Amino acid sequence: MRLNAKQIANYTGGTFAVEPIDASAIMDAMTWDSREAKPGCLYVALPGERADGHDFVAAALRAGALGALVTRPLDEGTRTLAREMGAAVIEVPDAASALTDLARAWRGHLRGTVVGVTGSTGKTTTKNLVRDVLSAHGSVAATAGNQNNELGVPKTILSADPDTRFVVVEMGMRGAGQIAQLCEFVRPQWGLVTNVGESHIELLGSRENIARAKAELLCALPKASGVAFLNGADSLADYLLSCTEFDRWHNMAVCFDGSGSYAVQAGPEAGWRHRPAVWAEDVELDAQGRPRFVLAARGFSDGWPPDAMDDLAVWRQPCTLGLRGRHNVENAVAAAAVGLQAGMGLEAIAQALAGALPEAGRQEVLCARGGFTVVNDAYNANPDSMRAALATFCAMEVAGRRIAVLGDMGELGEFAQACHEGVGQAAAALPLDALVCVGDLAQHIADAAERAGMDARRIVRAGSIAEVLGELDVRVQPGDAVLVKASHFMGLSRVVEGLVN
């Protein structure tokens, strides 16, 4: 962003508690974390359960913040500091609403293509891959980490410059209407839905209701020019489209399919899945679980030879991922679809995908001091991603034994027991040497694995992280590999830290 104090006050409906020395001075960044404050930024004081951002306004000002958005009067010492620093203090009724207002105003300055990304699983990884692919084609601003909520989404919009070519916005949700609210100020031109799974089924009750909530992204696309990227292998992809008026709006649906079983068909009767489309062929995993496949595409026009528009013309490119896991083929093909629509060639896309690396806590492979390997996938979990992580882990070449540490998955409501039991059944069918389950719900994983035939001596039921680390201290030997996965609230990153250190 590039806004001065007067503009910020006008856009947010705020009033100056402290007037800036230079009301025209530009603020070019925004943060609500005083530790990230830097010269020329705007600091937003958010009230929180554990800490109140107002207590850190002075620290942000000392770090060089040119302005602070606050919702209550500051103490005299902080106001005096603001005057001495020449910074503005702007009072607003609600800081989160003010962030949305700022993002809505700043969105009008952006000239690039805004791409919205949502889905039940894989949306953060897919967003990262879209970012990495498009970065080989032009300037990109993208959601940091998984800051995909009512605070992180405005921050993403504000992080872009007017001439940024692509803005990639990850959008999360917990209930119906939330994506629509985000889209109201994001105004995406392209929308990508990774899949429709069981995440958030606690609140929405069925996959069909989840699909309707995800379809809010597609409904927000501009009429006649919007582009939707849909997973052709997802059983609810057609239902997603049925929740919109795509045919009436004459918008484009682009198919991506990472299943490895895409069927090439020709002619208009083949439907939306067959042109334009991008898919994976000949998928295999190397000894470390990294996918190799052929990236294939048809029906894209920008920058392609004239005969590329022939119904039967298919263009292919070998592709290798740095990410691990068969499921990441789907995420990579989704990102390739966006790159192709942007006018990129398959070779450039494949090079970008090969260089992409996982984020911390997502299939991150670490070497522990004890001579064993830790696969850190403790950032988040749902039934689909849990099964995918287990399959990836068991596809890796391991000198010693494979030990999986699994914790509770959240937001499953009345389906929680059945979903955890499904993971246990999947675990029992895989070559795991030990299964450690921690948390109340994870005990259903252990029970189901035992019922499905896993030797009870290989199953450990733990009540705490300390108990997990104690069990692993006895069991893990050099050459072994340990997978750690659960929903974020379980805090299993502490297990990873304990193992690595």
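So, here is what we can say about the structure in this document. (Residues numbered from 1 in each chain as written. Predicted model: local features only at pLDDT ≥ 70, side-chain atom pairs only at ≥ 80, totals over all residues. Heavy atoms only, no water.)

Let's shift gears to the overall build of the chain. In terms of helices and strands, the chain carries 18 helices and 22 strands. In terms of C-alpha radius of gyration, the chain reaches 24 Å, essentially the compact-globule figure of 23 Å for 501 residues. Oriented by its inertia axes, the alpha-carbon framework of the chain measures out at about 70 × 65 × 40 Å. Per-residue burial for the chain yields a buried fraction of 55% across its 501 residues. Charge-centre separation for the chain: the mean point of 44 positive side chains lies 2 Å from the mean point of 59 negative side chains. (Helix = DSSP H or I, 4+ residues; strand = E, 2+ residues; numbered from the N terminus. Rg over C-alpha atoms; globule rule 2.2 N^0.38 Å. Buried < 20%, exposed > 50% of the residue type's maximum accessible area, 1.4 Å probe, protein only. Lys, Arg positive; Asp, Glu negative; His and termini not counted. Charge placed at Lys NZ, Arg CZ, Asp CG, Glu CD.)

In this model, arginine 187 sits at a positive phi of 50°, which is unusual for a non-glycine residue. Inspection of the secondary structure puts arginine 187 in the loop between helix 7 (178-186) and strand 11 (190-193). With a relative accessible area of 42%, arginine 187 lands in the partly exposed category. With a phi angle near 55°, aspartate 282 is a residue other than glycine that sits in the positive phi range.

Turning our eyes to something else, we now look at the packing of aromatic side chains. For the structure shown, the criterion picks out two aromatic pairs. Taking the centre distance of 4.4 Å and the plane angle of 25° together, the rings of tyrosine 262 and tryptophan 279 count as stacked. Placement of tyrosine 262 in the loop between strand 13 (252-257) and strand 14 (277-285) and of tryptophan 279 in strand 14 is noted, with a sequence separation of 17 residues between them. According to the relative accessible area criterion, tyrosine 262 is buried, its value standing at 13%. Of note, lysine 155 hangs over the ring of tryptophan 32, and the distance from its end group to the ring centre comes to 4.7 Å. (Phe/Tyr/Trp six-rings, centres within 6.5 Å; stacked < 30°, edge-to-face > 60°. Lys NZ or Arg CZ within 6 Å of the ring centre and 35° of its normal.)

Taken in spatial order, the five strands make up an open sheet running 2-7-6-5-4, and their pairing is mixed. Because the sheet does not close on itself, it has two edges, and the strands there are strand 2 (15-18) and strand 4 (29-31). For this sheet the average axis-to-axis angle between neighbouring strands, irrespective of direction, equals 25°. Pairing of strand 5 (residues 41-44) with strand 6 (residues 67-70), which is carried by three bridges, proceeds in the parallel orientation. From the neighbouring strand, tyrosine 43 faces strand 6, where its bridge partner is alanine 68. Together, strand 2, strand 5, strand 6 and strand 7 (88-91) form the strand contacts of helix 1 (residues 5-12), whose direction differs from that of strand 7 by roughly 5°. Lying over the sheet, helix 4 (residues 95-107) contacts strand 4, strand 5 and strand 6, oriented at roughly 145° with respect to strand 5. (Pairing = 2+ DSSP bridges. Axes fitted to C-alpha atoms, helices over the stretch in contact; angles between N-to-C directions. Contact = heavy atoms within 4.5 Å.)

Contact geometry for helix 15 (residues 416-428) and helix 16 (residues 442-451): axes closest at 7 Å, N-to-C directions at 45°. By the angle between their directions, the pair helix 15 and helix 16 is classed as oblique. Considering only the axes of helix 15 and helix 16, their crossing is right-handed. Each of Gln417, His420, Glu421, Val423, Gly424, Gln425 and Ala428 in helix 15 lies in contact with helix 16, whose residues at this interface are Ala442, His444, Ile445, Ala448, Ala449 and Arg451. (Parallel < 35°, antiparallel > 145°, perpendicular 65-115°, else oblique. Left-handed = near helix turned anticlockwise from the far one by under 90°.)

So, on to the pattern of salt bridges. A complete count under the given rule lists 24 salt bridges for this structure. Across the pair arginine 290 and aspartate 286 runs a salt bridge, and its minimum N-O distance is 3.1 Å. Using a relative accessible area of 27% as the deciding quantity, one classes arginine 290 as partly exposed. Take aspartate 286: its relative accessible area is 15%, and that puts it in the buried class. In this structure, the salt-bridge partner of arginine 401 is aspartate 480, at a minimum N-O distance of 2.9 Å. Taken together, the positions of arginine 401 in the loop between helix 14 (383-395) and strand 19 (402-407) and aspartate 480 in the loop between helix 17 (465-475) and strand 22 (481-485) put the pair 79 residues apart, joining distant regions of the chain. (Salt bridge = Lys/Arg side-chain N within 4 Å of Asp/Glu carboxyl O.)

A word on the packing of helix 5 (residues 123-135) against helix 13 (residues 346-354). Put simply, helix 5 and helix 13 touch, their axes get as near as 8 Å, and they point 130° apart. In terms of axis orientation, helix 5 runs oblique to helix 13. Crossing hand, helix 5 versus helix 13: right-handed. Every residue of helix 13 that contacts helix 5 at Leu129, Asp132 and Val133 is listed here: Ile349, Ala352 and Leu353. A per-class count over the contact of helix 5 with helix 13 returns five nonpolar, no polar and one charged. (Nonpolar A, V, L, I, M, F, W, Y, C, P; charged D, E, K, R; others polar.)

Further remarks concern the environment of cysteine 437. Locating cysteine 437 in the fold gives a position in strand 20 (residues 434-438). Put simply, cysteine 437 and valine 460 are 23 residues apart on the chain and 6.2 Å apart in space, counted from C-alpha to C-alpha. For cysteine 437, the residues in contact, after removing those within four places along its chain, are Leu406, Ala442, Gln443, Ile445, Ala446, Val460, Arg461 and Ala462.

A separate point is the side chain of asparagine 148. Assignment of secondary structure puts asparagine 148 in the loop between strand 9 (140-142) and helix 6 (152-158). Residues within four places of asparagine 148 in sequence aside, it is in contact with Lys123, Thr143, Val153, Glu170, Met171, Gly172 and Leu182.

A sheet is described by the order of its strands in space; here nine strands give the open sequence 9-10-8-11-12-13-14-15-16, paired in mixed fashion. Each having just a single partner strand, strand 9 and strand 16 (315-320) make up the two edges of the open sheet. On average, adjacent strands in this sheet sit at an angle of 15° to one another, irrespective of strand direction. Two strands pair when backbone bridges link them, and strand 13 and strand 14 are joined in this way by three bridges, in the parallel orientation. Residue phenylalanine 256 lies in a different strand from strand 14, and its bridge partner there is valine 278. Sheet contacts for helix 13: strand 15 (291-298) and strand 16; angle to strand 16, the most-contacted strand, approximately 15°.

Remember, this is a structural readout, not a statement about activity or role.
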